[in-house]
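Residue-level structural notes
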Protein chains: 2
Amino acid sequence: MRIKRLMESIEAANLDAYIVSRESNIYYYTGSISGGFLLAVHGLEPTLLAPSMNLAIALDKAKGCRVEPYGSSNLLDQIEKALGKTNPRHVGFDDFTIDMSNRLQKRFPEMELRSSAEITWNMRRIKDPEEQGIMRRAGELTDIGMEAAKEYMKEGVKECEIAAEVVHAMMKNGAGDVAFSPIIASGQRSAYPHAGVTERKIRRGEFIVIDIGATYREYRSDLTRTFIVGEPSKKQIEIYETVLQANEEALPKIRNEAKGSDVDGVARAVIVEAGFREYFVHGLGHGVGLEIHEPPSLSEKSGDTLRVGNVITDEPGIYIPGWGGVRVEDTILVTSDGPEKLTRFDKSLDGMRV
Amino acid sequence: MRIKRLMESIEAANLDAYIVSRESNIYYYTGSISGGFLLAVHGLEPTLLAPSMNLAIALDKAKGCRVEPYGSSNLLDQIEKALGKTNPRHVGFDDFTIDMSNRLQKRFPEMELRSSAEITWNMRRIKDPEEQGIMRRAGELTDIGMEAAKEYMKEGVKECEIAAEVVHAMMKNGAGDVAFSPIIASGQRSAYPHAGVTERKIRRGEFIVIDIGATYREYRSDLTRTFIVGEPSKKQIEIYETVLQANEEALPKIRNEAKGSDVDGVARAVIVEAGFREYFVHGLGHGVGLEIHEPPSLSEKSGDTLRVGNVITDEPGIYIPGWGGVRVEDTILVTSDGPEKLTRFDKSLDGMRV
């Protein structure tokens, strides 16, 4: 079904063939986690070339295409065989390494290779009802992980121990994986948007940024809350409430036909007015799906327009180097009735105190 | 220190400059998990261009280089600024996208860009004493994860529940992340080398392949054991003992100056002699370090020669589609005294029965 739509897109783009190699795209089109190369050639049955070690799973799972194996030494031979006598001239691809591009060009000098990742992204960014259902569950599992973090959090526990409880709770309930490496960032480390996890111990009166996600049936979710053990200071309250307001004011704007730059602007204006302009160091949000960062994007320079079926994060933050930071993030589905929160964990300041 | 060695390698390769962009290489050279672009230019102080959202962590962590921020719109300007008046002609790089390569070529038409990933891999594949110490701990944490899997495993529990216990145990003890998405493959799914995790329940008399790894201070480990709940059949015993023998016969061959193809050959001969040639569908092993798959490799076509300081897996397997599979894997450090096992979990058939 998706492969059929891919064939139509190829024709519309005046391509004779298209080669899919990004692992998440292989899954998107075929349902197989084998990786490999999917060859969609005008007038031929699509062929998935699966790495020979993953042939069994590809044969069991791939739908809508023939499956053939390849090894490191015969990939180009297998591609040639799959192309048959079609001799395609205009060939699009989603994502090649320079090495792969050079090897193909050498073997098929008459091919005009054209980077056309947007053909697959344009399909992937609109989640169909089945994908939406899976992503609802990924969001629920992520909420369960955040609940575990909150329950376990207290003075003296290590960041990595909190991560352990989060991942345990998500997987126990059905997550196949984490959506990305968890971020548990306490104290000054909370000023790093991408902080990872260390063995540092939580201290009273510090912010703790928890940024986590579950993967369910290959689809991801993304949720951040910022906690504090004990009483927040006046400055901490001011910064938290500013970020929360930015998150909440942007939320109703996440709807069909909204411009990504406008939605970012709504949240950014709240932070700028509060005097923290230079401390909001990233865009407001990114698409989520089979990957954790996908189109479309919400940022000052985004050229994207939101559509029904997009799934996107709403994640303003204020990060003060040497002091600490706050981020409040939800994953949102754009529906014809407006935004639907796929993550629903409480974000009131009271709910953040443990 | 490592950057200094990089500068020497560049000179030896007749390059005027080198641009590092692979995230793990940025960490390897600078100690910063910020990502970005490290510009090593003959005669200039090295510069790390950090994504502006990660500027704070780069400023705190990066050693041996200047740090400057860049945004999506001024990356090429910042590169031009960092190059100053050096006007480098021969410029190596580790890992560019086609898009990045094209953008650079357009901006600096006189540059001759040369893919030179081997310059960094040649350094990274030899782990220094500090790296070896970290990887010992990553191995211990992975053994702890396997112990948790064994303790929890019984008829009726789900694959994802076992994964939850594994990851919990590793992170609780200090792992910052998993080294890769865990594989918990039971029943017929054990015939898939890359199977992921599902909500399938463990049944009596089936193989369960557990392939897991911990990440400790950015370094990874890799360990597989194949369990069975209840009594193994004669065929299961035969296949398990064959794979175990292949693993054990290859182990003492993992030493300085051994050829990767020869080590693979030792394990493969055991499996071929037992009549399972076509069911050992991958190479014997791969290097491990900051990434889970690195050079060198152990395979039929490997051109690599092992050296003291290499860390590599020893992981033969037999996979029978529709029936099941077995893999036994350890992570091994090549020392001047021979192989040192970084993962030590029991692998006797008796130890695999739960």
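**Notes on the relation of the copies chain B and chain A**
Once turned by 180° and shifted 0.0 Å along the axis, chain B lies on chain A with an RMSD of 0.0 Å. Put plainly, the chains are arranged around a two-fold axis. A shared binding surface is used by both copies, with 100% of the interface residues of chain B retained as interface residues in chain A.

**Quick look at the sheet that holds strand β10 (residues 214-216) of chain B**
Residues and elements named next belong to chain B. In space, the 3 strands of this open sheet follow the order β7-β10-β11, with antiparallel pairing throughout. Looking at strand neighbours, the two that pair on one side only are β7 (177-178) and β11 (219-220), the edges of this open sheet. Strand direction decides the pairing type here: β10 and β11, joined by 2 bridges, are antiparallel. When the sheet's bridge partners are listed, T215 is paired in β11 with R220. Across the face of the sheet, helix α7 (residues 129-152) comes into contact with β10 and β11 while running at roughly 145° to β10.

**Quick look at the sheet that holds strand β3 (residues 47-51) of chain A**
Residues and elements named next belong to chain A. Strand order in the open sheet made by the 6 strands is β4-β3-β2-β1-β5-β6, with mixed pairing throughout. With partners counted over all chains shown, the strands left at the sheet margins are β4 (66-70) and β6 (112-115), one partner each. In this sheet, adjacent strand axes meet at a mean angle of 25° when their direction is disregarded. Both strand β2 (residues 37-41) and β3 contribute to a ladder of 3 bridges, which runs antiparallel. Residue pairing across strands places L39 opposite T47, the latter belonging to β3.

**Notes on the interface of chain B and chain A**
Contact with chain B, which involves 39 residues of that partner, is made by 40 residues of chain A. Broken down by element, the side of chain B that touches chain A gets its largest block of residues, 8 residues, from helix α8 (residues 159-172) of chain B. Taken together, the residues that form the side of chain B that touches chain A break down as 19 nonpolar, 14 polar and 6 charged.

Conventions adopted
- Residue positions within a chain follow its written sequence, with the count starting from 1.
- Chain letters start at A and ligand numbers start at 1, both assigned in the order the entries are written.
- Residue-level local features of this predicted model are given only where pLDDT is at least 70; pairs of side-chain atoms are given and counted only at 80 or more, and the full residue set underlies all totals for whole chains, interfaces and linings.
- When the copies are superposed, the least-squares fit takes in the C-alpha atoms of residues with a pLDDT of at least 70 in both.
- Any pair of residues counts as being in contact when their C-beta atoms, constructed from backbone geometry, are within 7 Å of one another.
- Pairing between two strands is assigned when DSSP locates at least 2 bridges connecting them.
- Helix and strand definitions follow DSSP, with helices as H or I runs of at least four residues and strands as E runs of at least two, each counted in order from the N terminus.
- Geometry is summarised by axes, namely lines fitted to C-alpha atoms with helices restricted to the contacting stretch, and by angles between N-to-C directions that run from 0 to 180 degrees.
- Asp, Glu, Lys and Arg are counted as charged, while Ala, Val, Leu, Ile, Met, Phe, Trp, Tyr, Cys and Pro are counted as nonpolar; the rest, among them Gly, fall into the polar class.

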